[in-house]
Amino acid sequence: MPAIVIIGAQWGDEGKGKATDLLGERVQWVVRYQGGNNAGHTVVLPDGQDFALHLIPSGILSPGVTNVIGNGVVVDPGVLLDELAGLEGRGVDTSRLLVSADAHLIMPYHVAIDKVTERYLGKAKIGTTGRGIGPCYQDKVARVGVRVQDLLDEKILRQKVEAALAFKNQVLVKVYNRRALDANQVVDSVLEQGERFRHRIADTRLLLNQALERGETVLLEGSQGTLLDVDHGTYPFVTSSNPTSGGAAIGSGLGPNRITTVLGILKAYTTRVGSGPFPSELHDEMGERLRKTGGEFGVTTGRSRRTGWFDSVIARYATRVNGITDYFLTKLDVLSGLERIPVCVAYEVDGERVDEMPMTQTDVHHAKPVYEELPGWWEDISHCRSFDELPANARAYVHRLEELSGARVSAIGVGPGREQTIVRHQIA
Ligand code: GDP
Ligand code: IMO
Ligand code: MG
């Protein structure tokens, strides 16, 4: 049976939490494969309760699903324990959460370095979430990272932390004028944390492959989005992992041919948090209106999200680099009440029309949106449950976006609730 991957098609916050929750009823496993607690995934349950998940897969809210923090994720042990406690405090059963032994640990020095580096960059900062994500992935690639399995071997853990801090303390003290961290304190604290979730540490790549062999369905829940991918995004204004669908195979240990459905989550307009180019960004009262109506404030950092019109150059790009088979178009309800809705169909770069994502970042920075205007609709669509119930202009908007994006829109979000969804083609 298949593996399905959910990926953000823009700059994150497209509604991946809601999409995961929607499919949660029909899958046996939900896996986070990259990122860490830089993510903020909102799930609104049918009883109205809403949850913000950062590190734990959104499938934790679907009874019977086994949830996996995969090898590609970076895990802050304190955040893991706090998030578990928060969920348990609200009556959520967390017994079915496993953590890959190969996932890397975000250590206190990663968080410290993330924050000081951003401060040091000044105006050139990335606008990171300050959760230590980049420094942790740096250590992974530099082969000096600490992994979840190191919590099971105190001697090795001590060696690794001491070696890491011998260098990092020099940087913290001499370059950034910060306090040095004490290796013993760091080790004792993570060992104590590790004790509290050691029963969850597992060979998750084996378990996931065995599950597929038994005919079960695995849902891979991406975080961030295509344009925040370290390879395919607006580098350097990206995160340090691969949210795109290729990352799902690497970050879970499943073969790429296991993935039969790539569900792109696409907001009916565009948002971005943090620095970096955003060609269809609005700086006027219309941008403010989208922010207010769409509730575009970060789930993780509370920052205002930058807002703009739908950008089909980005959508076409996301379709291509992820191999998107289906789109879930979210937040269509937010666009109700507009006379006309501009959609970016191409860019103009230094006086020339460009239909696809420019090759260089310089050109992306120079890109100006070329708009096509579609007629809007006045009706409140949040109660619509079938495509036919939507106003004709809303249907035409969806059809045009399908045409421009190059993949079918199989589901449409008309509100944050699970039931506020129009399903046109069943995904799982
Ligand atoms: P994620 O990071 O991709 O999971 O998305 P976030 O949770 O950060 O942001 C999406 C926000 O939009 C959340 O507040 C969701 O509850 C909300 N949302 C999701 N789908 C819809 C929709 O179709 N309509 C409306 N109005 N809100 C939605
Ligand atoms: P979800 O999963 C939106 C952005 C940050 C910053 C850049 C790098 O909720 O869609 P990092 O802390 O990862 O090194 O920051 O990436 N960013 C997100 N933006 N949604 C997210 O997650 C994000 N996770 C990171 O704002 O610009
Ligand atoms: Mg989010």
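Note that this is a predicted model, so its numbers are computed, not measured.

Asks: When you look at the site of ligand 1 in this model, what are you seeing that I'm missing?
Replies: If you check the shell around ligand 1, you find 19 residues, and the closest are Gly15, Lys16, Gly17, Thr42 and Asp333. Between ligand 1 and Glu14 there is a distance of 3.1 Å, counted from an oxygen atom to a backbone nitrogen or oxygen. Within the backbone of Val414, an N or O atom sits 3.5 Å from an oxygen atom of ligand 1. Expressed as a share of its isolated accessible area of 580 Å², the protein-covered part of ligand 1 is 91%. Of all the secondary-structure elements, those providing two or more residues to the shell around ligand 1 are helix H1 (16–24) and strand E3 (41–44). When residues of the shell around ligand 1 are assigned to their parent elements, the largest contribution, three residues, is made by H1. For the shell around ligand 1, the per-class residue count stands at four nonpolar, eight polar and seven charged.

Asks: For this particular structure, what's the right way to read the site of ligand 2?
Replies: Close contacts around ligand 2 come from 20 residues, with Lys16, His41, Thr129, Gln224 and Thr239 the closest. The separation between an oxygen atom of ligand 2 and a polar side-chain atom of Thr239 is 2.6 Å. When isolated, ligand 2 has an accessible area of 550 Å², and the protein chains bury 97% of it. Summarising the domain contributions, the shell around ligand 2 has at least three residues from each of domain 1 (3–91 + 203–423) and domain 2 (104–198).

Asks: Honestly, the coordination of the magnesium ion (ligand 3) in this entry has me stumped. Any pointers?
Replies: Ideal geometry at a metal gives 109.5 degrees between four tetrahedral donors and either 90 or 180 degrees between six octahedral ones. Taken together, Asp13 (OD) and Gly40 (O) make up the protein donors of the magnesium ion (ligand 3), found 2.0 to 2.1 Å from the metal. Note that Asp13 is positioned in the loop between strand E1 (3–8) and H1 and Gly40 in the loop between strand E2 (29–32) and E3, a separation of 27 residues in sequence. Given a relative accessible area of 23%, Asp13 falls into the partly exposed group. Looking at Gly40, the relative accessible area reads 12%, which means it is buried.

Asks: Honestly, unusual backbone geometry in this entry has me stumped. Any pointers?
Replies: The phi angle of most residues is negative, glycine excepted, and most peptide bonds adopt the trans form. Cis geometry marks the peptide bond from Tyr235 to Pro236; its omega dihedral reads 5°. Following the sequence through the fold, Pro236 ends up in the loop between strand E10 (218–221) and helix H8 (245–250). Its identity as a non-glycine residue notwithstanding, Arg143 has a phi of 65°, on the positive side. As for its placement among the helices and strands, Arg143 is situated in the loop between helix H4 (133–141) and helix H5 (154–175). Given the relative accessible area of 76%, Arg143 is considered exposed.

Asks: It is not clear to me how the pattern of salt bridges should be interpreted in this structure. Could you clarify?
Replies: A side chain of one charge can pair with a side chain of the opposite charge if their charged atoms are brought near each other. Here the structure, examined in full by the defined rule, presents 29 salt bridges. Across the pair Asp102 and Arg205 runs a salt bridge whose closest N-O atoms are separated by 2.6 Å. Of the two residues, Asp102 is situated in the loop between strand E7 (97–100) and strand E8 (104–105) and Arg205 in helix H7 (residues 204–213); the sequence distance between them amounts to 103 residues. The class of Asp102 is buried, set by a relative accessible area of 19%. Residue classification places Arg205 among the partly exposed residues on the basis of a relative accessible area of 36%. Across the salt bridge formed by Arg306 and Glu281, the nearest N and O atoms sit 2.8 Å from each other. Separated by 25 residues along the polypeptide, Arg306 in strand E13 (residues 306–308) and Glu281 in the loop between strand E12 (270–272) and helix H9 (285–294) bring together distant segments of the chain. We classify Glu281 as buried; its relative accessible area is 17%.

How each quantity is defined
- Residues numbered from 1 in each chain as written.
- Chains lettered and ligands numbered in written order.
- Predicted model: local features only at pLDDT ≥ 70, side-chain atom pairs only at ≥ 80, totals over all residues.
- Heavy atoms only, no water.
- Near = heavy atom within 4 Å.
- Polar contact = N/O pair within 3.5 Å; in protein donor to acceptor, adjacent residues only side chain to side chain.
- Areas by Shrake-Rupley, 256 points an atom, 1.4 Å probe, with all protein chains shown as cover.
- Helix = DSSP H or I, 4+ residues; strand = E, 2+ residues; numbered from the N terminus.
- Nonpolar A, V, L, I, M, F, W, Y, C, P; charged D, E, K, R; others polar.
- Domains from an automatic or database assignment.
- Donors = N, O, S within 2.8 Å, 3.2 Å for Na, K, Ca; no water.
- Buried < 20%, exposed > 50% of the residue type's maximum accessible area, 1.4 Å probe, protein only.
- Salt bridge = Lys/Arg side-chain N within 4 Å of Asp/Glu carboxyl O.

Everything listed here is a matter of coordinates, which is why it stays silent on function.
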